[in-house]
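Spelled out, the chains give:
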Amino acid sequence: MNIENSGVPDESPRRWVRPRADGDVEECVRALAEVHACDGYPVNWPDQPGEWLSRGPLLGSWVAGLEGDLVGHVSLSHGGEDDVAPALWSERNGATRRGTAVVSRLFVAPRARGHRIGALLIGRAVEEARRSGLHPVLDVVASDTAAAALYERLGWELIGTVEQQWSPEQTVAIRCYAAPS
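Please read all numbers here as calculations on a predicted model, not as lab measurements. For every chain, the first residue of its written sequence is number 1, and the numbers climb from 1 along that sequence. Under the rules for a predicted model, residues below a pLDDT of 70 receive no local features and side-chain atom pairs below 80 are neither given nor counted, while totals for whole chains, interfaces and linings still include all residues. Neither water nor hydrogens contribute to the side-chain values; these are computed over all heavy atoms in the structure.

Chemist: Which parts of the structure should I look at to understand the overall build of the protein chain?
Modeler: Per the secondary structure count, the protein chain includes 6 helices and 7 strands. Counting from the N terminus, the helices are DSSP H or I runs at least four residues long and the strands are E runs at least two residues long. Listing every helix and strand of the protein chain by position from the N terminus yields α-β-α-α-β-β-α-β-α-β-α-β-β. Note that the radius of gyration is over C-alpha atoms, with the globule rule given as 2.2 Å times the number of residues to the power 0.38. The globule rule puts the C-alpha radius of gyration for 181 residues at 16 Å, and the 15 Å found for the protein chain is close to it. In terms of its C-alpha atoms, the protein chain occupies a principal-axis envelope of roughly 45 × 40 × 30 Å. Counting over 181 residues, the protein chain shows a buried share of 49%. Residue pairs in contact within the protein chain that sit at least 24 positions apart in sequence constitute 65% of those at least 6 positions apart. Using a 1.4 Å probe, the Shrake-Rupley method yields the accessible areas, and only the shown protein chains count as cover for residues. For the protein chain, the computed accessible surface area is about 9,000 Å², with 48% contributed by carbon and sulfur atoms. Two residue types count as positive, namely Lys and Arg, and two as negative, namely Asp and Glu; His and chain ends fall outside the count. To locate a charge, take atom NZ for lysine, CZ for arginine, CG for aspartate or CD for glutamate. With 18 positive and 25 negative side-chain charges, the protein chain shows a spacing of 5 Å between the two charge centroids. Residue exposure (1.4 Å probe, protein chains only): buried if accessible area is under 20% of the type maximum, exposed if over 50%, otherwise partly exposed. Throughout, a contact is declared for two residues whenever any of their heavy atoms are within 4.5 Å.

The structure is reproduced here in structure tokens:
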């Protein structure tokens, strides 16, 4: 099965995706720390990374594993006031922001890359958004070219690039994407 085009995760005993359980958060934080050290995601390390993974009006969170190890994470939520991608998609499509779901907190531990874990996680989030009648959108810092390349390989459409003021001394370029229809 081609996950990239169907949006349906292909799971095997070697790779899997399941809903995140409370007991997974500590392992997720360890994997996130590896990602931050390797790639700089998240750009600003949160004071409470476990809480950061669970923040917002979540529709769901999933973890991925490879050969028994938890190696990835993704969340799906309703967009907040500061989320640009839902606003751009809504303006472009003459719809309300409530018709979107934001894919976020996506990461794959460096040791698990090349096994399509990111595609599995995105596929699960897209499947859940569509099951809820919502259109998936996401944003990524423009400097994260590897993540942008993944989204584009999966058929996501760039809907805009905007500058966001994250603090008085930090302005960041953000690329906003919408899942293919």
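The rest of the description comes next.
Chemist: Which parts of the structure should I look at to understand the pairing of strand β2 (residues 58-66)?
Modeler: Working note: regular strand, side chains alternate between the two faces of the sheet. Burial within β2 is extensive, with 7 of its 9 residues counted as buried. One ladder, built from 5 bridges, connects strand β1 (residues 15-19) with β2; its direction is antiparallel. Note that in β2 the partner of V17 across the bridge is A64. Should DSSP find at least two bridges between two strands, the strands are taken to pair. Where β2 and strand β3 (residues 69-77) come together, 8 bridges link them in antiparallel fashion. Bridged to W62 within β3 is V74.

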